[in-house]
Amino acid sequence: MSRVAMTSCVTIIKQHSPFEEKVTRNGIQRDIHVVIKNSPFTLQLGAATHDIDFNRVAFDAALLYDTEGEKGVDFVKMKPIEFKCMPNEKGDQTTIELRIKVLTSQHEDMFFKVRIQGQDPVTKQELPHIKVITAPIKVISKPEQLKKRQNSVSTPTPLYTPITPLPISPTAINTPSSSSCSSTITSTSSASKKRTVNELVVDAVNRIEKSQQDQQTLLEKIYQQVSLVKQESGCGSSSTSSAVPSSSSPSFFLEFMNKSKDSLPSGSKEDDFETTFVQLLKAYSAIDPSSRATKIRRISRNLTPSQNICSHQREQRTQR
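Since the structure is predicted, the reported quantities are computational estimates derived from the model, not experimental observations.

## Structural notes on the environment of Glu70
Next, step 1: Residue position: Glu70 is located in the loop between β5 (58-65) and β6 (81-87).
Next, step 2: For the pair Glu70 and Ile133, spaced 63 residues apart in the sequence, the C-alpha separation amounts to 9.5 Å.
Next, step 3: In this structure the side chain of Glu70 is engaged in a polar contact, spanning 2.8 Å, whose partner is the side chain of Arg115.
Next, step 4: A polar side-chain atom of Glu70 sits 3.0 Å from a polar atom in the side chain of Lys131.

## A short note on the nonpolar core
Next, step 1: With 27 residues, the main nonpolar core has Leu45, Leu63, Leu98, Ile100, Val114 and Ile116 as its most contacted residues.
Next, step 2: Secondary structure elements with two or more residues in this core: β1 (10-15), β4 (41-47), β5, β7 (93-100), β8 (112-119), β9 (126-133) and β10 (137-140).
Next, step 3: Among the elements that make up this core, the one with the highest residue count is β5 (4 residues).
Next, step 4: Sequence-distant contacts of Leu98, that is, excluding residues within four places in its chain, are made with Ser39, Pro40, Phe41, Leu43, Ala61, Ile81, Glu82, Phe83, Val114 and Ile116.

## A closer look at the confidence of the model for the chain
Next, step 1: In the predicted model, the chain carries a mean pLDDT of 75, and 63% of its residues have values of at least 70.
Next, step 2: Per-element confidence in the chain is highest for β7, whose mean pLDDT is 95, and lowest for helix α4 (residues 237-242), whose mean pLDDT is 45.
Next, step 3: In this model, residues 1-6 is a region of pLDDT below 50 whose contacts with residues beyond four sequence positions or in other chains number 16 contacts.
Next, step 4: Ignoring residues within four places in sequence, the model shows residues 259-264, a span with pLDDT below 50, making 4 contacts including any to other chains.

## Points about the sheet that holds β4
Next, step 1: Here we have 4 strands laid out as an open sheet, ordered β1-β4-β7-β6, and antiparallel in their pairing. Each of the sheet's edge strands pairs with one partner strand only, and the pair in question is β1 and β6. Neighbour-to-neighbour, the strand axes of the sheet open up by a mean angle of 25°, direction not taken into account.
Next, step 2: Two strands pair when backbone bridges link them, and β4 and β7 are joined in this way by 6 bridges, in the antiparallel orientation. Its bridge partner lying in β7, Phe41 is registered against Leu98.

Rules and cut-offs
Every chain is numbered independently, its residues counted from 1 as its sequence is written. Only residues with pLDDT of 70 or above have their local features reported here, since the model is predicted, and side-chain atom pairs are shown and tallied only from 80 upward, although totals for entire chains, interfaces and linings are computed over all residues. Calculated side-chain values reflect all of the structure's heavy atoms, with hydrogen atoms and water omitted. Labels follow the DSSP assignment, with helices taken as runs of H or I lasting at least four residues and strands as runs of E lasting at least two, numbered in each case from the N terminus. Here a polar contact is recorded for every N or O atom pair within 3.5 Å, except that within protein the pair must consist of a potential hydrogen donor and a potential acceptor, and residues adjacent in sequence are included only if both atoms are side-chain atoms. Nine residue types can take part in a nonpolar core, namely buried Ala, Val, Leu, Ile, Met, Phe, Trp, Tyr and Cys, and a core is a set of them joined through side-chain atoms within 4.5 Å. Only protein chains enter the area calculation, which uses a 1.4 Å probe; residues under 20% of their type maximum are buried, those over 50% are exposed, and those in between are partly exposed. In this description, contact between two residues means that some pair of their heavy atoms is separated by no more than 4.5 Å. Scored between 0 and 100, pLDDT is the confidence that the predictor attaches to each residue. If DSSP finds at least two bridges between two strands, the strands pair. Note on geometry: axes are lines fitted to C-alpha atoms, helical ones only across the stretch in contact, with angles between N-to-C directions running from 0 to 180 degrees.

Below, the structure written as structure tokens:
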């Protein structure tokens, strides 16, 4: 812990440090406080008598070697230690923040100790009864060294940990089903094996194809529902089916686009638009997917600029 030099009316209540380690030198085991260079650590002092008021006492801190006597650490310009005193309101306790600016490795691996000396605030004369010396201190350079020391003194992991067998009931020994085994193997292998780029691309293509199939099925359902509505309204399914142009000819899109609005019966333009639009989608889905692009390009060449919006916009970009 701490030790008091000479007869003093001040005691060290607590010497804080990030870490402590046990060091044996000359057959004597000692507790060493480990701190980091230029990092603050605190020392809490308390008055042993009631006639001491730390608010009326000045303090001085000196860095000493951890040897017999009080041999100070030499310096040229800057002191190797900084301190700041913070007494409480009653004046019976004070906290001293310390910073050490030298390393133990720079002084032949010698430990340090700090002497706190009370002084008269006016004359700066030392007060012999207000003096303490800290426990030995070791100063290291980086926090990483501190972490290594903490890990080295932590409880080591045993090389062998006995495993207590769990009781197994006869009902628990059942042959698992093939589906559960396959699912377990699949999940384990998929988790342990990384997927290649080709596999990811194939999966993406499969999802796109499935999405197209779902859309085509949805369009067919919509067309069937519209046909049923037309049948119930008296339009008849024969007229609806006959209105669908043949998808083998590329001009089937032109027949829909060139329909005149005036030719539609009065009062049924909205219904005829829905029917025509559904028929267009139905005819488009009936085309072989491999030949859709060819037929659409063939139709685009036969359209006028006012009918072909894409061609008209392309011509405008070319003129610019």
